[in-house]
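Single-letter residue listing:
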There are 4 protein chains.
Amino acid sequence: MSFVFRRPVRFDEIDAAGYVYFPKIVALGHEAMERMIGEACPGGYAAWVVERRVGLPCVHVESDFRAPLRFGDELVVESTVAKLGDSSVRFDVKVGRGDGVACATIGYVVACADLAGPSKRALPDDLRAALARYA
Amino acid sequence: MSFVFRRPVRFDEIDAAGYVYFPKIVALGHEAMERMIGEACPGGYAAWVVERRVGLPCVHVESDFRAPLRFGDELVVESTVAKLGDSSVRFDVKVGRGDGVACATIGYVVACADLAGPSKRALPDDLRAALARYA
Amino acid sequence: MSFVFRRPVRFDEIDAAGYVYFPKIVALGHEAMERMIGEACPGGYAAWVVERRVGLPCVHVESDFRAPLRFGDELVVESTVAKLGDSSVRFDVKVGRGDGVACATIGYVVACADLAGPSKRALPDDLRAALARYA
Amino acid sequence: MSFVFRRPVRFDEIDAAGYVYFPKIVALGHEAMERMIGEACPGGYAAWVVERRVGLPCVHVESDFRAPLRFGDELVVESTVAKLGDSSVRFDVKVGRGDGVACATIGYVVACADLAGPSKRALPDDLRAALARYA
């Protein structure tokens, strides 16, 4: 099962060339992960980061951009858990427009970390279970 | 010859986990390109984008993150033109800290575009010459 | 009638001190205006900016910050059209947290502009009507 | 004595209407403060925030915007310490363009805070001395 969300492009995601700035597109990998965790864990990703000091920092990202995104476009973001390791997760993400055009793909890999270090740690069981729904 | 710049991490590049947010790191690929063009072209990248309506949108990016960056760290960014095609450019970028620790690598590929379309076009000769200095 | 929206604080709205960065709070004045226009005008604010090249740039803003906002907090934003002039609009905005604490106030004044100039112009009638619902 | 810095408008400070987004302009009040402290205190503002957990969150800001800023413009920012209280500081900031046009004014008030609370505290003596140079 994949996780899908839709939202308009934000006014401040546009750059001086008139299109969505590419770092704002790769950030959609993170936004999808946050929303995914929010579906399954009370308090969402914030509860992990702020209260338990467990985070999922990005260790690798790769992205291809095929069609432009402008202010006024609707983003359609579909994310799947492609690999669920002991302490890392890979998400495959497709970014499209509301009119059906495929705009970008993102391969997004995070590692579970104790934020105090930061140091690597195993994924907590409840976080793993939350993500496994989208594997 | 590679192009190198140094600057402090900005206050607003930090995320809720306390480290530089990864999209801010991939954006350093763009910042290096802009600064590189600024060295060689009068008016810099802005003159291309605003006056000539020629841009270099990102078509591919890949990045690995190895060590954290915090507020207070100095960024040391080294960028090389790894491939200079007819209408595209690949930059290989290393991101380190002032204390010498290697933090991230970025492979950053842009295509030359008429921004009015946007549509692909050949790199203008003077822009190509500016980038060739760092090949 | 006031316009109200709720959303979680975003991961990238936090600064290096651990709280929502104050420019992200004043930006809520703009976000409320955009959402307000989106309720009443087909295509929302983007249709004005992109297609008609009419915008509402900020000419004045004043803001007081009373209580901190953190990652994990829910924003509750209430905006009212306090003054609707020929070519300008003043919004009074209250920013609170989901737990009921009042965090900030924003007085946000925009002027209607032909973006091509930019130059001042009268508010188009349909845009005025959209905003008058919240006066 | 006032504190002055110059830098180009950044690519990602432009919004969908084609001008510098107003929250990026009010953020220049903070940037000027950071650079001011960086002149006088080893480690700059980051040493305060990260090591000593003392910050200067904004409690009030007011800003007027008179002329537009575009990609390609040079920012000229002049900041003065207008009032230095026991636990608060008011900065008066002028934002101009490299061509001499006055674009914006910012009145920017911060309160000294123990970030752990956050709770109000007196300005540390060395921080006060650093700021007093620009009073």
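Residues numbered from 1 in each chain as written. Chains lettered and ligands numbered in written order. Predicted model: local features only at pLDDT ≥ 70, side-chain atom pairs only at ≥ 80, totals over all residues. Heavy atoms only, no water.

Attention now goes to the confidence of the model for chain A. As a general rule, the predicted coordinates of low-pLDDT regions are not to be interpreted in detail. Confidence in the prediction of chain A, expressed as mean pLDDT, is 96, and 100% of residues score 70 or more. As scored by the predictor, the complex reaches a pTM of 0.96 and an ipTM of 0.95. (pLDDT = per-residue confidence, 0-100.)

Another point: the environment of Arg-121 of chain A. Residues and elements named next belong to chain A. Structurally, Arg-121 can be placed in the loop between strand E8 (119-120) and helix H3 (125-132). Each C-alpha atom of the pair Arg-121 and Ala-111 lies 8.1 Å from the other, and the pair is 10 residues apart in sequence. Apart from residues lying up to four places away in sequence, Arg-121 is in contact with Val-54, Ser-87, Cys-112, Ala-113 and Asp-114. (Helix = DSSP H or I, 4+ residues; strand = E, 2+ residues; numbered from the N terminus. Contact = heavy atoms within 4.5 Å.)

Take the environment of Ser-79 of chain D next. All names here are of chain D. As for its placement among the helices and strands, Ser-79 is situated in strand E4 (residues 74-84). Accessibility expressed as a relative area gives 0% for Ser-79, which makes it buried. C-alpha of Ser-79 to C-alpha of Ala-32: the two residues are 47 residues apart in sequence and 6.5 Å apart in space. Those residues in contact with Ser-79, other than ones at most four positions away along the chain, are Ser-2, Phe-3, Ala-32, Met-36, Phe-91, Asp-92 and Val-93. (Buried < 20%, exposed > 50% of the residue type's maximum accessible area, 1.4 Å probe, protein only.)

Residues and elements named next belong to chain C. Relative to the helices and strands, Leu-123 resides in the loop between strand E8 (119-120) and helix H3 (125-132). Along the chain, Leu-123 and Leu-84 lie 39 residues apart, while their C-alpha atoms are 9.4 Å from each other. Setting aside its immediate chain neighbours within four residues, Leu-123 contacts Leu-56, Leu-84, Gly-85, Asp-86, Ser-87, Ser-88, Val-89, Cys-112 and Arg-128.

Before going further, it helps to examine the relation of the copies chain C and chain D. With an RMSD of 0.0 Å, the operation that places chain C on chain D is a rotation of 180° combined with a shift of 0.0 Å along the axis. In the structure described here, the two chain copies are related by an operation that fits a two-fold rotation axis. Among all residues of chain C, the minimum C-alpha distance to the rotation axis is found for Glu-62 of chain C, at 2.0 Å. Most of the interface of chain C is mirrored in chain D, where 100% of its interface residues again form contacts. (Least-squares fit on C-alpha atoms with pLDDT ≥ 70 in both.)

Residues and elements named next belong to chain A. Among the residues making up helix H2 (residues 44-52), those that are buried are Gly-44, Tyr-45, Ala-46, Ala-47, Trp-48 and Val-49. The secondary structure elements touched by the buried residues of H2 are helix H1 (22-40), strand E2 (54-55) and H3. Among the residues trailing H2, Arg-53 stands out with phi positive, at a value near 55°.

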